[in-house]
Amino acid sequence: MTVRWIAACAVGFAVALVVSVSAWLFSPVAPAVSAVVFGACALPPGLALGWLLCVAPTNSAYRADSDGDVETHWITEALSGTATDLIVVMGLCLVAVSITRADIPTVLLLTALILLAFASCTMRYAVQRHRALSA
Amino acid sequence: MRNDVRRRRIEKGWSQVELAERIGVTRLTVISIEKERFDPSLPVAFRIASAFACSIEDVFQPNTE
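As the structure is a prediction and not an experimental result, all values here were calculated from the model. Numbering of residues starts from 1 in every chain and runs along the sequence as written. Note on labels: chains are lettered from A, ligands numbered from 1, in written order. Since the coordinates come from a predicted model, pLDDT governs what is reported: local features require at least 70, and pairs of side-chain atoms require 80 or more to be given and counted, while whole-chain, interface and lining totals use all residues. Calculation of side-chain values draws on the structure's entire complement of heavy atoms; hydrogens and water are dropped beforehand.

Draft legend 1. Structural view of the confidence of the model for chain A. Confidence of the predictor in every single residue is expressed as pLDDT, which spans 0 to 100. Residue-level pLDDT values for chain A average 89, and 93% of them are 70 or greater. By mean pLDDT, helix α3 (residues 61-64) of chain A is the weakest element of chain A at 50, and helix α4 (residues 70-100) of chain A is the strongest at 94. Secondary structure elements are taken from DSSP: a helix is a run of H or I of four residues or more, a strand is a run of E of two residues or more, and numbering for both begins at the N terminus.

Draft legend 2. Quick peek at the environment of T29 of chain B. Tracing the backbone through its elements, the reader meets T29 of chain B in helix α3 (residues 27-34). Those residues in contact with T29 of chain B, other than ones at most four positions away along the chain, are G68, D69, V70 and E71 of chain A together with F38 of chain B. Reaching out from T29 of chain B, the side chain makes a polar contact with the backbone nitrogen of V70 of chain A at a distance of 2.9 Å. Definition of a polar contact: a pair of N or O atoms within 3.5 Å, with one able to donate and the other able to accept a hydrogen when the atoms are protein atoms, and with sequence-neighbouring residues admitted only if both atoms are side-chain atoms. Separated by 3.5 Å, the side chains of T29 of chain B and E71 of chain A make a polar contact. Contacts are assigned to residue pairs with any non-hydrogen atoms lying within 4.5 Å of each other.

Draft legend 3. The arrangement of helix α1 (residues 5-12) of chain B in detail. Residue and element names in this part refer to chain B. Buried means the residue's accessible area, taken with a 1.4 Å probe over protein chains only, is under 20% of the maximum for its type, while exposed means over 50%, and partly exposed covers the values in between. Residues of α1 that are buried include every one of V5, R8 and R9, and no others. Take α1 and look down its axis: the buried residues cluster within an arc of 100 degrees, on one side only. Against the buried residues of α1 lie β1 (2-3), α2 (16-23), α3, α4 (42-51), α5 (56-59) and β2 (60-61). The first or second residue beyond α1 is G13, which carries a positive phi of 80 degrees. The directions from the helix axis to the C-beta atoms are what the arc is built from.

Draft legend 4. Region of the structure containing the layout of surface pockets. All names here are of chain A. In this structure, the largest pocket encloses a volume near 150 Å³. Around the largest pocket sit M90, C93, L94, V97, A102, D103, I104, L109 and L113, which together line it. Looking at the lining of the largest pocket, the elements that each hand over two or more residues are α4 and α5 (106-133). Looking at which element gives the most residues to the lining of the largest pocket, the answer is α4, with four residues. Of the residues belonging to the lining of the largest pocket, the class tally is eight nonpolar, no polar and one charged. Only protein atoms enter the calculation, which uses a 1 Å grid: trapped sets of points that fit a 1.4 Å probe without letting it out are cavities, open sets showing protein on both sides within 12 Å along at least five of seven lines are pockets, and any residue with an atom within 4 Å of a point is a lining residue. Grid points are joined across faces, edges and corners, and a volume is the space filled by probe spheres set on the points. Three residue categories are used. Nonpolar comprises Ala, Val, Leu, Ile, Met, Phe, Trp, Tyr, Cys and Pro, charged comprises Asp, Glu, Lys and Arg, and polar comprises the others, including Gly.

What follows is the structure in structure tokens.
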């Protein structure tokens, strides 16, 4: 297992190194600072990727067989409902924007959609869990 | 789908956690199955039947309504 953790760390540092070098090569301003910042930001996701590739397959054998769990059913249902919510909200927003000719900033719109998706999925999961576990 | 998982589990003297570990699911899954709020997948149903040393039909019965 130690070897697997070392391999996971190696994957993480490799990812961070690749991102860091890319930032250093392509950053128009302060390439050294960009390399450090991008490398630092890429390290945690890189380590997570390493864990996923090297450690999880042996450490999480139980979860690999989790298709039968009720939690998997709940999250599947919640995500399905979230997709429906997003389509409905985006359609209504499109109609509203078309009529009002409002110029909404893209960043604001995308952030709102992501927050809506998180909220919808969380609420749907919580409701299903509550229904299933209550009397 | 109706089931008598809870009765059989109590007869065996197992806790919900112990049954969950035996059949490879989470405790919440066992609770949901016992409350008949969740129909388990076929592999899980087979594991439950195996844990109780009986057939699936003995544990799970379809709703006739």
